[in-house]
Amino acid sequence: MLVATTKKELVDALRHLTSIGLVPTMGALHQGHASLVKAAREENDTVVASIFVNPLQFQDLGDCDDYRNYPRQLDQDVELLNEAGVDIVFAPSVEEMYPGGLPLVWARTGSIGSKLEGESRPGHFDGVATVVAKLFNLVRPDRAYFGQKDAQQVAVIRRLVADLDFPVEIRPVPIIRGADGLAESSRNQRLSSIDREHALVLPEVLHDLDHRAKSGEPLRIEDARARLANSEGVTLDHLEIVDPATLEPLGVDGVLKTPALVVAAIFVGPVRLIDNIELHPHI
Ligand code: PAF
């Protein structure tokens, strides 16, 4: 396995390769990332994974504790990627990625990036789309793999690819959950065991909505919101039922008639957790 730390090393290594799968990450890797690599490994001759904590997608362009405290564990991550069968790891510094300082020209994600997660994190998805566009230009992958846990990120990247004509196929990979049901996330490292117990109400509420949709019962979104809002140790950020492609609110509360996505975010202590589930109507 090659570890490239400059764009030139990366581009030189990729020059004659065909069928490239890209797994973009910010490191602090877990089983969710391993499943992205596995999917990429199955479909491509060459698998490239990037590890880059992108300041653009954090509050104040990285001048914040969330960015400074983001777990950085390159050696451990490289080992996991090597074991998972990655061919090339791209792990640039901030200076390598943004040599002239932070970029002047960005990918702007408009309404799809400013709702839901984007409401709590203004500019976040512009930062994601900009760095992903750079990675697409550097790696030129045939396919790129993103966790379905970040459902809005997947929707934003799909629009980036469609609107700017990137010749890459976007492959969302299903959420990986712990034995207790909590979705895998780098942020889980920051939960105490009692926080983790409190957080479990999130997958439980989503599971209950899935059950209601499948059995043709009214969804009762307000009850689901109230359960999260009143749950010990939890502050509700949002729970919405939206169109899976556009993320526009569906306003459905009764029996589900079309496929839908439920997206939710809660705070458990200082940690913001997100999760989602695709709902399919009872047939
Ligand atoms: O999902 C992430 O880890 C990041 O948002 C991504 C896609 C690697 C861009 O920095």
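For the structure, see preceding data.
Residues numbered from 1 in each chain as written. Predicted model: local features only at pLDDT ≥ 70, side-chain atom pairs only at ≥ 80, totals over all residues. Heavy atoms only, no water.

A. View of the nonpolar core. Core analysis: the biggest nonpolar cluster contains 41 residues, and Leu 10 and Phe 136 have the highest contact counts within it. Residue assignment for this core shows that the elements contributing at least two residues are helix H1 (7-14), strand S2 (20-25), strand S4 (88-90), helix H8 (124-139), strand S5 (143-147), helix H9 (151-164) and strand S8 (260-268). For this core, the element with the most residues is H8, which contributes 10 residues. Leaving out residues up to four positions away in the same chain, Leu 10 has contacts with Ala 4, Val 48, Ile 88, Phe 90, Leu 138 and Val 139. Core analysis: the next-biggest nonpolar cluster, separate from the first, contains 28 residues, Leu 182, Ala 260, Val 262 and Val 271 among them. (Core = buried A, V, L, I, M, F, W, Y, C linked by side-chain atoms within 4.5 Å. Buried < 20%, exposed > 50% of the residue type's maximum accessible area, 1.4 Å probe, protein only. Helix = DSSP H or I, 4+ residues; strand = E, 2+ residues; numbered from the N terminus. Contact = heavy atoms within 4.5 Å.)

B. Molecular detail of the site of the ligand. Surveying the vicinity of the ligand reveals the residues Pro 24, Thr 25, Met 26, Gln 57, Val 128, Val 131, Phe 146 and Gln 153. Between the ligand and Gln 57, the relevant distance is 2.7 Å, taken from an oxygen atom to a side-chain nitrogen or oxygen of the residue. Here an oxygen atom of the ligand and a side-chain polar atom of Gln 153 are 2.7 Å apart. Residue composition of the shell around the ligand, grouped by class: five nonpolar, three polar and no charged. (Near = heavy atom within 4 Å. Polar contact = N/O pair within 3.5 Å; in protein donor to acceptor, adjacent residues only side chain to side chain. Nonpolar A, V, L, I, M, F, W, Y, C, P; charged D, E, K, R; others polar.)

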